[in-house]
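# An overview of the molecular structure
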Amino acid sequence: MFQKDLETMPRRELEALQLERLKWTVGFCRDNIPFYRERLDKAGVTPERLKVLSDIQYIPFTTKDDIRDTYPFGMFGRPRKDIVRIHASSGTTGKPTVVGYTKHDLEIWSDCIARLCAAVGVTDEDMVQISFGYGLFTGALGLHYGLEKLGAAVVPASSGNTQKQVMLLKDFGVTGLVSTPSYALYIAEVARDMGVDPEKDLQLRVGLFGSEGCTLEMRDQIERDLSLFATDNYGMSELGGPGVSGECRFRQGLHVNEDHYLPEIIDPKTGEVLPAGEAGELVVTTLTREGIPMLRYRTKDITRLNYEPCECGRTFCRMDKTRGRTDDMLKIRGVNVFPSQIESVLVGMDKIGPHYQLVVRREGVMDTLEVRVELIDGSLLEDYSGLEQLQKQVRASLKTVLGIDCRVSLADPRSIERTAGKAKRIVDLRNQ
């Protein structure tokens, strides 16, 4: 473990530390951020009112819209001269969410990443290639400094130029890979095109994947394709980037760095806090951030928290792999559908590849769903009966899981766009 005393802290001591830091954060927000001062005063929340951790329920939620409404620096808790780094989200659905870091924030961030990397077996003898894009996106630099703090050698390959990525993996004897899950699959695909056998020609042993959801089926596919141990980590720019949580070698949930992040699960419709063990929307409060602290930030990610001790010895609670996002959820003929449900059916199925797209249309007053999947072997397109049988098989499997019927289109191999970043899974044509 990177910080054993903290990562194995008894629950009672941990909760006492969380309460102390929650009071500090509320006071810090009141004193330094006009947005929060107004919100907290209206709710009647002061540090003194917080007697137990459950009193967090009196603090109003923070949303992505709040950050956008105060764009660019209205949520910062320190003056500009104390901010040493700025990152931002992509802004694909509006103004980007801008986040700032003090020197203290960067130190804590790298500690959190180092913990998660150590938890999956990364050591100072590893060489890790980072295939996230470097820039305003938090992923690349977040993993970079945490890995360096752990003593690992970092290859800052950035994203794209996939043939070169494969060359570096092979020539450098890289042992760890950081990327999105979908890009890892594409790297494996390109490696095979280049005549590189990951099992024989590469020395990869661990993958640190994030930035998009990864089902167990997708994880298994990555492990088969790249011959490594695939792990998941979680974070988002609003919470400082990656480092909120990550798996250990037992992969029984993602350990939340609870001394820096206080998680809750709420009913996404009512906002009510749900009991431990129930699934709902993840809400996170930062406990040590200065640049842009977050009080009860609604992540929109659906998951569950497990407070039982882990075999690895860490006492931090564990969150399940996210089941999907409330804003990614599709409602088709009255049924809630998450892309992760469809991925769990498609990935690993015989004769089709792991890349897919969901096309949503509106016909009359009803939404319809078309699932586009790629064939592994294009020659099957000439076998009409075989194609029809495969289409029926995929359609039946999806109906069993989703509870509704949907269209299935079988596409040419590699006809679905690849990307070095987050895969574009949903094509929404309802407004066209």
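Residues numbered from 1 in each chain as written. Predicted model: local features only at pLDDT ≥ 70, side-chain atom pairs only at ≥ 80, totals over all residues. Heavy atoms only, no water.

## Re the packing of aromatic side chains
The final tally for this structure, using the stated rule, is 6 aromatic pairs. An angle of 45 degrees between the planes, with centres 5.1 Å apart, marks the rings of phenylalanine 73 and phenylalanine 76 as tilted. Assessed through its relative accessible area of 29%, phenylalanine 73 is described here as partly exposed. When its relative accessible area of 8% is taken as the criterion, phenylalanine 76 is described as buried. (Phe/Tyr/Trp six-rings, centres within 6.5 Å; stacked < 30°, edge-to-face > 60°. Buried < 20%, exposed > 50% of the residue type's maximum accessible area, 1.4 Å probe, protein only.)

## Brief notes about the sheet that holds strand 15 (residues 324–325)
In spatial order, the strands read 10-11-12-15; together these 4 strands make up an open sheet with antiparallel pairing. Unpaired on one side and paired on the other, strand 10 (261–266) and strand 15 mark the two borders of the sheet. Across 2 bridges, the pairing between strand 12 (residues 297–303) and strand 15 is antiparallel. When the bridges of strand 15 are listed, aspartate 301 appears paired with arginine 325. (Pairing = 2+ DSSP bridges. Helix = DSSP H or I, 4+ residues; strand = E, 2+ residues; numbered from the N terminus.)

## Considering the pattern of salt bridges
For the structure on display, the rule yields 29 salt bridges. Between aspartate 82 and lysine 81 there is a salt bridge whose closest N-O contact spans 3.4 Å. Notably, a salt bridge pairs arginine 414 with aspartate 193, separated by 2.3 Å at the nearest N-O pair. A residue pair is termed long-range when its members are at least 10 positions apart, and arginine 414 in the loop between strand 20 (407–411) and strand 21 (426–428) and aspartate 193 in helix 8 (residues 181–193) qualify at 221 residues. Each member of the salt-bridge network shares a partner with another, and the members are Glu189, Asp193, Glu374, Arg414 and Arg418. (Salt bridge = Lys/Arg side-chain N within 4 Å of Asp/Glu carboxyl O.)

## Looking at empty space enclosed by the protein
A probe as big as a water molecule, rolled over the atoms, marks out the empty space that is left. Scanning the entire structure with this criterion turns up 5 cavities of 30 Å³ or more. A per-element tally of the lining of the largest cavity places helix 5 (residues 103–119) first, with 4 residues. Here the residues of the lining of the largest cavity sort into 4 nonpolar, 5 polar and 2 charged. For the second largest cavity, the full set of lining residues is Glu7, Arg115, Leu116, Ala119, His255, Val256, Asn257, Arg314 and Phe316. Those elements that place two or more of their residues in the lining of the second largest cavity are helix 5 and strand 9 (254–256). Broken down by element, the residue count for the lining of the second largest cavity peaks at 3 residues, all from helix 5. Split by residue class, the lining of the second largest cavity holds 4 nonpolar, 2 polar and 3 charged. (1 Å grid on protein atoms, 1.4 Å probe; cavity = no way out; pocket = protein on both sides within 12 Å on 5 of 7 lines; lining within 4 Å. Points joined across faces, edges and corners; volume = space filled by probe spheres on them. Nonpolar A, V, L, I, M, F, W, Y, C, P; charged D, E, K, R; others polar.)

## Structural notes on the side chain of glutamine 165
Tracing the backbone shows glutamine 165 in helix 7 (residues 162–172). On the basis of relative accessibility, which here comes to 2%, the residue glutamine 165 falls in the buried class. Among the polar contacts listed, one links the side chain of glutamine 165 to the side chain of serine 131, at a separation of 2.7 Å. In this view, glutamine 165 contacts Gln129, Ser131, Ala157, Ser158, Ser159, Gly160 and Tyr183; residues no more than four positions away in its chain are not counted. (Polar contact = N/O pair within 3.5 Å; in protein donor to acceptor, adjacent residues only side chain to side chain. Contact = heavy atoms within 4.5 Å.)

## Digging into the side chain of asparagine 257
Mapping asparagine 257 onto the fold places it in the loop between strand 9 and strand 10. Apart from residues no more than four positions distant in its own chain, asparagine 257 is found in contact with Cys112, Arg115, Leu116, Gly243, Val244 and Phe316.

## Topic: the packing of helix 5 against helix 6 (residues 138–150)
With their axes 7 Å apart at the nearest point, helix 5 and helix 6 run at an angle of 75 degrees to one another. Between helix 5 and helix 6, the interaxial angle falls into the category roughly perpendicular. Across the interface between the two elements, Glu107, Trp109, Ser110, Asp111, Ile113, Ala114, Cys117 and Ala118 from helix 5 touch Thr138, Gly142, Leu143, Tyr145, Gly146, Leu147, Lys149 and Leu150 from helix 6. Among the residues making up the contact of helix 5 with helix 6, the classes are represented as 9 nonpolar, 4 polar and 3 charged. (Axes fitted to C-alpha atoms, helices over the stretch in contact; angles between N-to-C directions. Parallel < 35°, antiparallel > 145°, perpendicular 65-115°, else oblique.)

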